[in-house]
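Residues per chain, in single letters:
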Amino acid sequence: MIRAVAAVPGVGRALWSTSSTLLIEQVADDGRDRVPEICAILGRYDALRASRLQLQPPPGSGARVRFLQCRSY
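What counts as what
Residues numbered from 1 in each chain as written. Predicted model: local features only at pLDDT ≥ 70, side-chain atom pairs only at ≥ 80, totals over all residues. Heavy atoms only, no water. Salt bridge = Lys/Arg side-chain N within 4 Å of Asp/Glu carboxyl O. Helix = DSSP H or I, 4+ residues; strand = E, 2+ residues; numbered from the N terminus. Buried < 20%, exposed > 50% of the residue type's maximum accessible area, 1.4 Å probe, protein only.

*Asks:* Help me out: how do you make sense of the pattern of salt bridges in this one?
*Replies:* Oppositely charged side chains can form a pair if their charged atoms are brought close together. All told, the structure shown has three salt bridges when counted by the stated rule. A salt bridge links arginine 13 to glutamate 25, with the shortest nitrogen-to-oxygen separation between them at 2.9 Å. Here glutamate 25 lies in strand 2 (residues 21-26) and arginine 13 lies in strand 1 (residues 11-16), a separation of 12 residues in the sequence. In this structure arginine 13 comes out as partly exposed when scored by relative accessible area, which is 45%. Across the pair aspartate 46 and arginine 49 runs a salt bridge, and its minimum N-O distance is 2.6 Å.

So, in structure tokens, the structure goes:
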């Protein structure tokens, strides 16, 4: 699953920063919303659907870190 998220265009790497937070480092600042594609990947796994996502902007972009969930229960 981590490899599938990291393979999304514009994502540099993905790793679990805590047991419930998936840190996603973005490498492209092209305005593209990668959340739907990432959530589609996580949605395949019952235990991961409500995981917290931390979207780290590309270095030097000036954008803010975003926290979100694909689904809440």
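Back to the write-up after that little detour.
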